[in-house]
Amino acid sequence: MAIKKLLEHPQPVPARIAATTLALAVFGLYSTYSWFQWRHYLVPSWDLGIFAQLAKAYSQGQAPIVPIKGEGFNLLGDHFHPITIALTPFYWLWPSPATLLYVQNGLVALSVYLLIRFAQKIVKPWAALTLGLAYALSFGIQQAVSVQFHEVAFALPFLVMSLGNLAIMRLETERGPFLRRAVYWAFPLVFVKEDMGITVLAIGLVILWRTGWFRTAAGILFPLASAAPATLTQRSKTLLRSWMSTPAVAEASLLTLWGLIWPLLAIGLILPYFNTGGVFDYSDKLDVAAALGDPLGAFAQLFYPWQKSATLGLLLLTGVLAWAISPIAWVAVPTLIWRLLSPQEGYWEPTWHYNLVLMPIIFTALLDTLARAQAGTQVPARPLGKGPLAGTRRSLLDGMKHQAPIILPALTLLIALGTLPWQPLAQLGQPSFASSTLSLTDEMKAEAVAAIPQGSTVAADLSVLTYLVPEHTAYWIGHSGEPAPDYVVIDRMGSAWGSNPPSSAVAYATGRYGSAAYLPYRTIGTIEIAVRAD
């Protein structure tokens, strides 16, 4: 009986312990994955090296100059992510690119804990843990962890805190404080990345809608014909008083403006100012004028090519469709629009880190739907008709109200588990991945990194580039314009070369850096190292 009572009515301490335990387990799971990935020199892109150089610069009290992107390249001119300064103490304590992997895993785990705590206020404890686990195993989070650190991971706890307050307010009689908390937690999102501003704008509009003020404003501005006549000036004054007196309306309006201003400032002023070319490098990723000029064509582009529809279908399925009926679902729309209208095919896929920020939106929207069911708001107060069907309709709606908080969390977990074999965590079942023993290729790369003297400048391909960051000034070998480095590292089997690697590191370095002469330094398996002779 005591266990049953605990399951149905969680006490504060056991509820926190349960949420903390699952969050720590999630951190352990993803950190295990990250450890094996780092151990075996599996680096999907140069992004981890880029952010590691940023964190290294911040930890030394310097501007975020990132040589991997080019000589003297200030990363504040690439994307607008001032929140990444929060990486400084972590990198200062443990100066390794791997540190950033665990920071990202910690942000995921924190968002899991927060989501569960909100869910515990809406559904039974087991259902809250089920939702938390489904969120933790969702494809967006798995894919983001597998492609290693990106700044958007900082958005997770802020999104859960903001949208989670919107969800639980349905069960509260005094809604003003929850609406204000939703506003306050959304403000920092603009500092995560330049495109998050439009997400903040969407959150502000959703909060305004939830205050009910739009309906009040419409009634004031456009009164019924039977109402006493009022001048436009009187109606405007009444509207202003309503705007100031309705809880959270002023704050939500400010948030909406805040979300509009910061992307304009970032893209129009800040990024070009710090960019070495004086431009926003990603302006070609979305043609806004073309979309506005052909709205029907733009709408069709949201679904075709078909991988876009596949991604949308997977997103809908992740929240068992029910999340889409919540107003919170509108927060996902700006991100989906700019991604699906972009000519960049990578944005259309359910891979990489592009779906990460959608996961807390989906699951808090699902919580909002469940809160609505718990509050009984989906059962109309008006009569459901007359005759024998009226009772049947009410019985069905009542049944949905009571069953949804049980069925929907279970389905979300089933979907997450069902897709697991095709997601990155499945690699933990592969002996070649989940092994602490270095392969011959791993040993070769480790030896190559150790062969480069500390403090030297080195240009390398992706095979060992990220691992050179802590003790060297590392350049991406594919860029032009940087000074001739002390060492050049080429892995003939590296992904940078495809099936056409250079004949030798010396020949490549001499041809690329014509002002300097290079000599053979070391050959380690498929890796060749050339050293500058002068």
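All of these numbers come straight from a predicted model, not from anything done at the bench. (Residues numbered from 1 in each chain as written. Predicted model: local features only at pLDDT ≥ 70, side-chain atom pairs only at ≥ 80, totals over all residues. Heavy atoms only, no water.)

Notes on the sheet that holds strand β5 (residues 527-532)
Right, so step 1: Read across the sheet, five strands follow the order β2-β1-β3-β5-β4 without closing on themselves; strand pairing throughout is mixed. Every interior strand has two partners, whereas the edge strands, β2 (473-476) and β4 (518-524), have only one. In this sheet, neighbouring strand axes are inclined to one another by 25° on average, regardless of whether the strands run parallel or antiparallel.
Right, so step 2: Note that strand β3 (residues 487-491) and β5 share five bridges and pair antiparallel. Looking across to β5, one finds that Tyr-487 is bridged to Val-531.
Right, so step 3: The strands touched by helix α21 (residues 505-512) are β3, β4 and β5; relative to β4, the strand with the most contacts, the crossing angle is about 145°. (Pairing = 2+ DSSP bridges. Helix = DSSP H or I, 4+ residues; strand = E, 2+ residues; numbered from the N terminus. Axes fitted to C-alpha atoms, helices over the stretch in contact; angles between N-to-C directions. Contact = heavy atoms within 4.5 Å.)

Side note on unusual backbone geometry
Right, so step 1: Note the cis peptide between Tyr-304 and Pro-305, where omega equals 0°.
Right, so step 2: Take Pro-305: it is sitting in the loop between α15 (295-301) and α16 (306-318).
Right, so step 3: At Gln-148, a position not held by glycine, the phi torsion is positive, near 70°.
Right, so step 4: Of note, Gln-148 is situated in the loop between α7 (139-146) and α8 (155-168).
Right, so step 5: Even without being glycine, Leu-321 reaches a positive phi, approximately 65°.
Right, so step 6: As for its placement among the helices and strands, Leu-321 is situated in the loop between α16 and α17 (333-341).
Right, so step 7: Here Leu-321 falls in the exposed class, since its relative accessible area comes to 54%. (Buried < 20%, exposed > 50% of the residue type's maximum accessible area, 1.4 Å probe, protein only.)

Some remarks on helix α3 (residues 47-59)
Right, so step 1: Taking 1.5 Å per residue as the helical rise, α3 with its 13 residues ought to reach 18 Å, and the 18 Å between its terminal C-alpha atoms agrees with that figure.
Right, so step 2: Most of α3 sits inside the fold, with 13 of its 13 residues counted as buried.
Right, so step 3: Positive backbone phi, approximately 75°, marks Gly-61, located one or two places after α3. (Expected span 1.5 Å × (residues − 1).)

What to know about the pairing of strand β1 (residues 457-460)
Right, so step 1: Here β1 runs beside β2; their pairing, made up of four bridges, is parallel. Each residue of the ladder has a partner; that of Ala-459, found in β2, is Tyr-475.
Right, so step 2: Direction of pairing for β1 relative to β3: parallel, over a ladder of three bridges. Looking at β3, one finds that Val-458 is bridged to Tyr-487.

Quick look at the nonpolar core
Right, so step 1: Counting 148 residues, the largest nonpolar core has Tyr-135, Leu-166, Leu-189, Ile-203, Ile-207 and Ile-529 as its most contacted members.
Right, so step 2: Residues within four places of Ile-207 in sequence aside, it is in contact with Leu-166, Leu-179, Ala-182, Val-183, Ala-252 and Leu-255.
Right, so step 3: If you look at the next biggest cluster of nonpolar residues, it comprises 14 residues, including Ile-477, Trp-497, Tyr-508 and Ala-516. (Core = buried A, V, L, I, M, F, W, Y, C linked by side-chain atoms within 4.5 Å.)

Some details on the confidence of the model for the protein
Right, so step 1: Here the protein averages 90 in pLDDT, while 91% of its residues score no lower than 70.
Right, so step 2: Confidence drops under pLDDT 50 across residues 1-9; counting only partners more than four residues distant or on other chains, this segment forms seven contacts.
Right, so step 3: Scored below 50 in pLDDT, residues 377-384 makes 17 contacts in the model with residues more than four places away or belonging to other chains. (pLDDT = per-residue confidence, 0-100.)

So, the packing of aromatic side chains
Right, so step 1: Taken as a whole and assessed by the stated rule, the structure comprises 26 aromatic pairs.
Right, so step 2: Taking the centre distance of 5.0 Å and the plane angle of 90° together, the rings of Tyr-273 and Phe-274 count as edge-to-face.
Right, so step 3: Note on Phe-274: relative accessible area 30%, which makes it partly exposed.
Right, so step 4: By the ring-pair criterion, three or more aromatic residues cluster together here, those being Phe-80, Phe-187, Phe-191, Trp-258 and Trp-262.
Right, so step 5: In this structure, Lys-69 is placed above the aromatic ring of Phe-73, and the distance from its NZ or CZ to the ring centre is 5.5 Å.
Right, so step 6: The lysine or arginine in question, Lys-308, covers the ring of Trp-348, its NZ or CZ lying 4.4 Å from the ring centre. (Phe/Tyr/Trp six-rings, centres within 6.5 Å; stacked < 30°, edge-to-face > 60°. Lys NZ or Arg CZ within 6 Å of the ring centre and 35° of its normal.)

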